[in-house]
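Overview (structure and organization)
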Amino acid sequence: MWPFGNGKALSEMPGRENQQCMLCVKCLIVGLVLVATGVLPLACVSVVDTGGTDGVLDVTPGAGSGLNINELRERAGQGDAQAQCGLGYCYNTGLGVKKDPIEAAKWIRKAAEQGLPLAQCWMGDYYLDGRDVDKNPAESARWYRQAAEQGYPLGQFMLSRCYHAGFGVDRDPEQALTLIHKAAEQGLPQAQSMLGDRYYSEEKNVTEALKWYRKAAAQGDGKAQFELGVCYHNGEGVKKDLTEAVTWIRKAAEQGYALAQWRLGRCYNDGIGVSQDSVEALAWFILAANSTPDAVKDRDELAKELGSKKTAQAKQRAQQIRGKIALHAMKTLGMTNTSRGSRSREL
């Protein structure tokens, strides 16, 4: 299972719908990879509930993590590429050091220049969104290519996006498809989900789309879970099953996928696949409203209809759900220490 999510840079590439995304997600992803390779202790990476009204999770360095920043800095200075990437992560998040984006970029670049594919992908994102460097599509694609040529799935995935959009390279749909297949076949869930999108929207092959959605959904990809739920709702490629539809939409919603949260609210509001429950519907609208304009309208209209007492109940329920989303995130990522664009098809 590849623990990669869609970071800020991914959402802003031309030709892709904007989705809820934050830089903290990218930091979490990189942190987890560094934990997996032994560069950082697990307790360094934490998922926390911000406690706001938008259902957004944030990522902070764990307290008492046991991180030896001096040892990490020494290894980085000696040319250890993984340590350099780890030190860049620390400067980017303020873990054990004063937060310094410029210093972070310096160490990430050093790791990338030594051929570490994770760092190369991170450099690609830097140039993609112009964060701490001048925006440069060609340079972004160059770094993704270096990672892709090592067989790194995330590099393949991002380079395929470049070819699909003509971002930093000449547009080449065939090359984009080849690369996305390579990443998907290696198990990258975002690539599998995007491949499902291609088969659904461009190839009009729902059976093949469902195959890839299922693979990604089984790995916990929220977007694929949502798309699978929509297929069950509409009876596309499968027998129509509203209960199964809500099951998959709920899985996506409980991961914080805003579009699924809004759709789940609609299901509760209209009694589709679940018992009608206006308070529960409003709770999901509240969670989705930060990222989904349609949810704002539904939230405001339903709150007005329900009145202050039931609206207060819905806000309390939204807070409970938000906490469950945080716990689900930690469980999914195997974290026992707590010291952490969709096709908008009609249901």
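For the structure itself, look to the data block above.
Here goes a summary of the coordinates provided. Not measured: the values here are computed from a predicted model.

Check the secondary structure of the protein chain and you find 17 helices and 2 strands. Looking at the protein chain as a whole, 53% of its 347 residues are labelled buried. Just so you have it, the protein chain exposes about 14,800 Å², and 47% of that area is on carbon and sulfur atoms.

Over its 14 residues, helix H16 (residues 293–306) extends 20 Å from the first C-alpha to the last, a length consistent with the 20 Å expected when each residue adds 1.5 Å. Once H16 ends, the next one or two residues include Gly307, with phi positive near 90 degrees.

Moving on, we come to the packing of aromatic side chains. In the structure shown here, the tally under the stated rule is 2 aromatic pairs. The interplanar angle of 10 degrees and the centroid separation of 6.3 Å between the aromatic rings of Trp122 and Tyr126 together place this pair among those described as stacked. With a gap of 4 residues between them, Trp122 and Tyr126 both fall in helix H6 (residues 117–129), about one helical turn apart. Here Trp122 and Tyr126 have matching classes, each one buried. An angle of 45 degrees between the planes, with centres 6.0 Å apart, marks the rings of Phe226 and Tyr257 as tilted. Taken together, the residues span a long stretch of sequence, with Phe226 in helix H12 (residues 222–234) and Tyr257 in the loop between helix H13 (242–253) and helix H14 (258–270) at a distance of 31 residues. Overall, the relative accessible area of 0% leaves Phe226 in the buried class. A cation over a ring is seen here: Lys215 above Trp212, with NZ or CZ 5.7 Å from the ring centre. Sitting over the ring of Trp248, Lys251 keeps its end group 5.6 Å from the ring centre.

Cut-offs and rules
- Residue indices begin from 1 for each chain and proceed along its sequence in written order.
- Local features in a predicted model are, by the rule used here, given only for residues with pLDDT of at least 70; side-chain atom pairs are given and counted only at 80 or more, and totals for whole chains, interfaces and linings are based on all residues.
- Hydrogens and waters are ignored; side-chain quantities use all the structure's heavy atoms.
- For helices the rule is a DSSP run of H or I covering at least 4 residues; for strands it is a run of E covering at least 2, with both sets numbered from the N terminus onward.
- For every residue, the accessible area obtained with a 1.4 Å probe (protein chains only) is divided by the maximum for its type, and the residue is called buried under 20%, exposed over 50%, and partly exposed between those limits.
- In short, Shrake-Rupley with a 1.4 Å probe defines the accessible areas, and a residue's cover is counted only from the protein chains shown.
- The span you would expect from a helix comes to 1.5 Å times its residue count less one.
- Stacked, edge-to-face and tilted labels apply to pairs of Phe, Tyr and Trp rings (six-membered ring for Trp) whose centres lie within 6.5 Å, assigned for plane angles under 30 degrees, over 60, and everything in between, in that order.
- By definition, being over a ring means that NZ of Lys or CZ of Arg is both within 6 Å of the ring centre and within 35 degrees of the ring normal.

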